[in-house]
Amino acid sequence: MPATTENNHNQGSFLGRISIRRNQVISMSMDGTHDMECEEMELFQRQVAERFAELLSCRDEPEAFMSIGWLRKLLDEFLCCEAEFKAVLLMGRDPFQIAKPPLDKLLPELLDRIIKSLDVCNAVSLGIDSLRNIQRLAEIVLSALDQTLIGDGQVRRAKKALSALLSAMLHEDKDGGITKGTERSRSFGRRGNKDKDRSAAAPFRSLSWTMPKNWSAVKQIHAMSSNLAAPRGNESSGLALPVFIMNTALVFVLWTLVAALPCQERNGLGTHFQMPRNLSWAQPITALQERISEEWKKKEKKGTVGLLEEMQKMEKIAQWLLDFADSFQFPAEADKLEEVKAQVEELADICRKMEEGLEPLQLQIREVFHRVVRTRTEFLHVLDQAAKLNIPTS
Amino acid sequence: MAVEESEPVIPELEREENLIAAARHIVKALGSNKNLTTDAKKILADLGSKLSSMSIPSEMEEGKEGEEDEEEEEEEEEGGVNATEDRINVIQEKIMRWEEDQSMIWDLGPEEASEYLNAANEARRLIEKLESFNLSKDDQEYKLLQRAYSVLQTAMARLEEEFRNLLIQNRQPFEPEYVSFRSSEEDPVDENSIVSLGDESVEESLQRDSVSRAAEEHIIDLVHPGVIPDLRCIANLLFASNYVQECSHAYTIVRRDALDECLFILEMERLSIEDVLKMEWGTLNSKIKRWIWALKIFVRVYLASERWLSDQIFGEGEPVSIACFVDASKASILQLLNFGEAMSIGPHKPEKLFRILDMYEVLADLMPDLDSLYLDDVGSSVRIECHEVLKRLGDCVRVTFIEFENAIAANASTNPFIGGGIHPLTRYVMNYLRTLTDYSESLNLLLKDRDEEDAISLSPDMSPGTEEDSKSPGSPSGVSSMTLHFRSVASVLESNLEEKSLLYKEVPLQHLFLMNNLHYMAEKVKGSELRLIYGDEWIRKRNWKFQQHAMKYERASWSSILNLLKDEGIHVPGTTSISKTLLRERLRSFYLGFEDVYRIQTAWLIPDVQLREDLRISISLKVIQAYRTFFGRHNCHLNDKYIKYNADDLENYLLDFFEGSQKCLQNPHRR
């Protein structure tokens, strides 16, 4: 699986850094610790900037902006940043350094953000399940239209799936996938709806509903980002900086996932997260964030399933095909059929990408989940140690 | 009338059904009848030759139908396009008739249903036949094929709706009191009464059912058993017509709703991880108990039944069946697992250990069920998640146990524990350990993992000295991980108690306190499962230790008083005669000393009756005996007025010792 090998690769670079760190620790006693630390901080900042800059420059397949491939790359980069962050902050460092101001306040905040991020990870992971649902509907469309003979039967079959698909996309976005109690009875509906092919939309509704009812992605992101302030003065060159970078990267990555994938309750997502300006390491993230924000504002009103590139494309194709289906009369003209064929091929291509990419993406989200949990445990342990060591001295 | 017209395409599924029934009847009749008439023999021989001349249908429905069709097709060739058109007209009429009708076909009865099903199947077969001609757009039949597809689509959309409706309308109630446990003999499916698509022999399906049902005792009917054959027929036809996705999608959504409702009935509300971590322990505790109960029912009853349902409808072990089951149940089971995950993340407070162990054990216990429910690639994501959560709960148990150990080490007191009895910490730790023995198997496994992996670097700062236990020459390999960890906990506790004992100003009380607590530990181990873990050697050592403390107590408490009863130094200087003054002085000091000890040590406490008794006897043997001897020897030199207490008085006073309520002897002397 590609995700694993990439991770292994990351692990490799992470270990590489650890050994560098060890050497530094040894040499620290001889030369100035401070210089080393500055150098290290700069290296970390540069690396973070480079990683996100690379994401900014992705234009082509299979890693087009906000595509499944791109998101996977984003998560890979994030996991690397996370490993580097731990290397900078934890390796060879005395627990005391970590437990003293300003980290004594900043670290618990980070740990709290991590807890909040876990629920976001779960929510977007559920969102991927509902994308699979949409993918299956698209596959029905393919079964119907990927034929030599396209007649009334095939078109009606496709139309039914397309309506369900488009309504599922709309639904995912509007309700974020919560089934409300009353909706259950909808599937009991008797016949009698005239436009039957379109009425099937109700049973094809969202399939993701495991977040608590009052849970909101936007609120969660807001809670994570609202008290996020860049370190000032002296702090801006100390250990507060990597913590801030880590916080920013975490919030940004989750915010991006929420924007890209179906997720419960995210109205106003575009306005809820402001990136710091004028910081060299933050420029690529800021640029990405602005770009996504803009996209979001454009799409928010229309009600889409999220900014995922594949979904954007699929929505267009589905709309086109539905229009075709609405005006269809047998036999269709040859050039119209050619056009249909092209659209169907593109739809098939998207389905293939989803088939290949969604599961690894979901696994990566789990990986992020587990990695930040582990980081949290490690920090808690260090803080705990520092607290114990503190008792005799105070 | 319509039926006659469509004679050539009368569904062979129905014919085959009847044929099999007839053949069974013949076999049965032959079995009971040894003598056949010539007529009968002739008819049977004819049948035999006819059977052998028939082509054997292949396993696949497609193949079977294709070949059998050939005969019909040849007959039909003569009719050509017109005959085909007639067929389509007939089918279309049958299908379209229902489009105006508001009612569900399956609500109206088996005849209507089977007629509709047959008509739809005819459309499918007609398409199959026309497709085999490789028609070009200019052929006349091309338009017919197009029409046939259109009819098929109408029928398929309708069947999908009927399928969904049947599934929903016939859902069985979920309330636990309605849960009827299926016996393995019960056979609710009357196979012969229904229309079945000819793709699997009835006998085969019956056999499968009985096999799977015998194995699963907890299976309930999630959908009324009477409609299962109908559902299977519709599904089969949808599948045969390449409407697999529509069918499995409709199924998945209905069942997902049902399982969601089931969680609701089991009162498993959705909680975010943040909610769980913020929850008060009391609330969380009851939520955990509920979770354990619900998980068992959900996996053993509902998921097993759900899997059985999809097997019944889609065929046991069919990939579609597993895929539908996984899709339908994934969200619910993951919701349950998420709670376990949240618990494993939460703070590792020692008081949570038992509940987390409960969670670990129930999940570990269900793991074989979950493994077999979520088979193959399709189920792997859920299966992996189950194992992950189990592993995390196991890690959480380990870490929490270490936290427990650390908490004992860190428990510091500033004031001595009044009376020198059993310290609450000792009680807490020993009861805690004793309760943990209920989880021996899991705990042994989990603690062993840690020792081997040394995975989490949460080494306690103060590594508990395991004293003589670990250094004993006995082979460490013979000792279980749990034993090592439990002994280590006991050592940590002992050193903590030693520290606590130093808070007493009186040396005898230090020893009394340690004696009490060590005795308590040893007794607790002796009288419970802990004995097996700690071993007799450990108990012997604790017994020796507390006896040592008892001796040291006696020495510290009584030796100065006993010295007063010795003969040295009571003689008139330079002679061998006893100095009465000195004697009187000695006796007075002895009484003073005894009263002093009485006043102090009546306030001390030995909670264990036996231990208290033993120590009094031991004191009596030393002190009262010495007094008796002293008294007997010097009785003659003593005036009665100097004798304040006789030996029996003292004996009685000893009974007031170590009761934990301070007393004074009457007419206290000066000072």
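Rules of the game
Residues numbered from 1 in each chain as written. Chains lettered and ligands numbered in written order. Predicted model: local features only at pLDDT ≥ 70, side-chain atom pairs only at ≥ 80, totals over all residues. Heavy atoms only, no water. UniProt positions renumbered as here; feature names shortened; annotations may be inferred. Phe/Tyr/Trp six-rings, centres within 6.5 Å; stacked < 30°, edge-to-face > 60°. Helix = DSSP H or I, 4+ residues; strand = E, 2+ residues; numbered from the N terminus. Buried < 20%, exposed > 50% of the residue type's maximum accessible area, 1.4 Å probe, protein only. Lys NZ or Arg CZ within 6 Å of the ring centre and 35° of its normal. Expected span 1.5 Å × (residues − 1). Axes fitted to C-alpha atoms, helices over the stretch in contact; angles between N-to-C directions. Parallel < 35°, antiparallel > 145°, perpendicular 65-115°, else oblique. Left-handed = near helix turned anticlockwise from the far one by under 90°. Contact = heavy atoms within 4.5 Å. Nonpolar A, V, L, I, M, F, W, Y, C, P; charged D, E, K, R; others polar. Core = buried A, V, L, I, M, F, W, Y, C linked by side-chain atoms within 4.5 Å. Buried area = accessible area lost by both parts, 1.4 Å probe. Salt bridge = Lys/Arg side-chain N within 4 Å of Asp/Glu carboxyl O. Polar contact = N/O pair within 3.5 Å; in protein donor to acceptor, adjacent residues only side chain to side chain.

- An unreviewed UniProt entry annotates chain B as Exocyst subunit Exo70 family protein originating from Arachis hypogaea.
- Quoted straight from UniProt, the Function (unreviewed entry) entry for chain B says "Component of the exocyst complex."
- Listed in UniProt under the heading Sequence similarities (unreviewed entry), the comment for chain B reads: "Belongs to the EXO70 family."

- Its UniProt record, at the heading Subcellular location (unreviewed entry), says of chain A: "Membrane".
- Chain A has a UniProt comment under Sequence similarities (unreviewed entry) that states "Belongs to the ROH1 family."

1. So, the packing of aromatic side chains
And then number 1: Within this structure, the stated rule accounts for 38 aromatic pairs over all chains.
And then number 2: Between Tyr553(B) and Phe658(B) the ring centres are 5.8 Å apart and the planes differ by 70°, which places this aromatic pair in the edge-to-face class. Taken together, the residues span a long stretch of sequence, with Tyr553(B) in helix H22 (residues 530-563) and Phe658(B) in the segment after helix H25 (647-654) at a distance of 105 residues.
And then number 3: Take Tyr553(B): its relative accessible area is 0%, and that puts it in the buried class.
And then number 4: Relative to Phe657(B), the ring of Tyr598(B) lies with its centre 5.8 Å away and its plane at 70°, an arrangement referred to as edge-to-face. Of this pair, Tyr598(B) sits in helix H23 (residues 580-601) while Phe657(B) is found in the segment after H25, placing the two residues 59 residues apart along the sequence.
And then number 5: Note that Arg291(A) overlies the ring of Phe65(A), its terminal NZ or CZ placed 3.7 Å from the centroid.
And then number 6: One cation-aromatic arrangement involves Arg366(A) over Phe369(A); the distance from NZ or CZ to the ring centre is 4.6 Å.

2. Observations concerning helix H11 (residues 244-265) of chain B
Structurally, the α-helix is built with 3.6 residues per turn, so residues lying three or four positions apart point the same way.
Residues and elements named next belong to chain B.
And then number 1: Between its first and last C-alpha, H11 extends 31 Å over 22 residues, near the 32 Å set by a 1.5 Å rise per residue.
And then number 2: With 17 of 22 residues buried, H11 lies mostly within the body of the structure.
And then number 3: With its phi angle positive at about 60°, glutamate 267 sits one or two positions after the end of H11.

3. Here we look at unusual backbone geometry
And then number 1: If you check the backbone angles, Met66(A) has positive phi at about 65° while not being a glycine.
And then number 2: With respect to the secondary-structure elements, Met66(A) resides in the loop between helix H2 (33-56) and helix H3 (68-90).
And then number 3: A positive phi angle is found at Asn242(B), which is not glycine, with a value near 65°.
And then number 4: If you trace the backbone, Asn242(B) turns up in the loop between helix H10 (228-240) and H11.

4. Focus: the packing of helix H14 (residues 319-345) of chain B against helix H16 (residues 380-410) of chain B
Residue and element names in this part refer to chain B.
And then number 1: At their nearest, the axes of H14 and H16 sit 10 Å apart, and the two run at 15° to each other. Between H14 and H16, the angle falls in the class roughly parallel. Seen along the crossing, H14 lies across H16 with a hand that is left-handed. On H16, the residues touching Val326, Lys330, Ile333, Leu334, Leu337, Gly340, Glu341, Met343 and Ser344 of H14 are Ser381, Val382, Glu385, Cys386, Val389, Arg392, Leu393 and Cys396.
And then number 2: Residues that form the contact of H14 with H16 fall into these classes: ten nonpolar, three polar and four charged.

5. Details of the packing of helix H15 (residues 353-373) of chain B against H16(B)
Residues and elements named next belong to chain B.
And then number 1: Two elements in contact, H15 and H16, have axes separated by 9 Å at closest approach and are oriented at 155°. For the element pair H15 / H16, the angle class is roughly antiparallel. Crossing angle aside, the handedness with which H15 passes H16 is left-handed. Of the residues in H16, those in contact with Leu353, Ile356, Leu357, Met359, Tyr360, Leu363, Ala364, Met367, Leu370 and Asp371 of H15 are Arg383, Cys386, His387, Val389, Leu390, Leu393, Gly394, Cys396, Val397, Thr400 and Phe401.
And then number 2: Partitioning the contact of H15 with H16 into residue classes produces 16 nonpolar, three polar and two charged.

6. Remarks on helix H10 (residues 283-300) of chain A
And then number 1: Compared with the 26 Å implied by 1.5 Å per residue over 18 residues, the 25 Å span of H10(A) between its first and last C-alpha is a close match.
And then number 2: Along H10(A), the residues that are buried comprise Pro284(A), Ile285(A), Thr286(A), Leu288(A), Gln289(A), Ile292(A), Ser293(A), Trp296(A) and Lys299(A).

7. Regarding the nonpolar core
And then number 1: Grouped together as the largest cluster of nonpolar side chains are 289 residues, with contacts concentrated most on Phe52(A), Leu261(A), Met314(A) and Leu436(B).
And then number 2: The contacts of Phe52(A), once residues within four sequence positions are left out, are Leu74(A), Cys81(A), Ala249(A), Phe252(A), Val253(A), Pro284(A), Ile285(A) and Leu288(A).

8. A few points about the interface of chain B and chain A
Interface size, as often reported, equals the accessible area lost upon joining of the parts.
And then number 1: Residue-level contacts link 55 residues of chain B with 50 residues of chain A.
And then number 2: Counting each side, the surface lost to burial between chain B and chain A is near 5000 Å², with a carbon and sulfur contribution of 49%.
And then number 3: Three residues stand out in chain B for area buried against chain A, namely His249(B), Arg270(B) and Glu274(B), and they jointly supply 12% of the buried area on that side.
And then number 4: If you look at where chain B meets chain A, you find seven salt bridges.
And then number 5: For Arg136(A), the salt bridge identified is with Asp327(B), shortest N-O distance 2.6 Å.
And then number 6: Remark: the boundary between chain B and chain A carries 22 residue pairs in polar contact (both at pLDDT 80 or more).
And then number 7: The greatest single-element share of the side of chain B that touches chain A, amounting to 16 residues, is contributed by helix H8 (residues 140-169) of chain B.
And then number 8: Taken together, the residues that form the side of chain B that touches chain A break down as 15 nonpolar, 17 polar and 23 charged.

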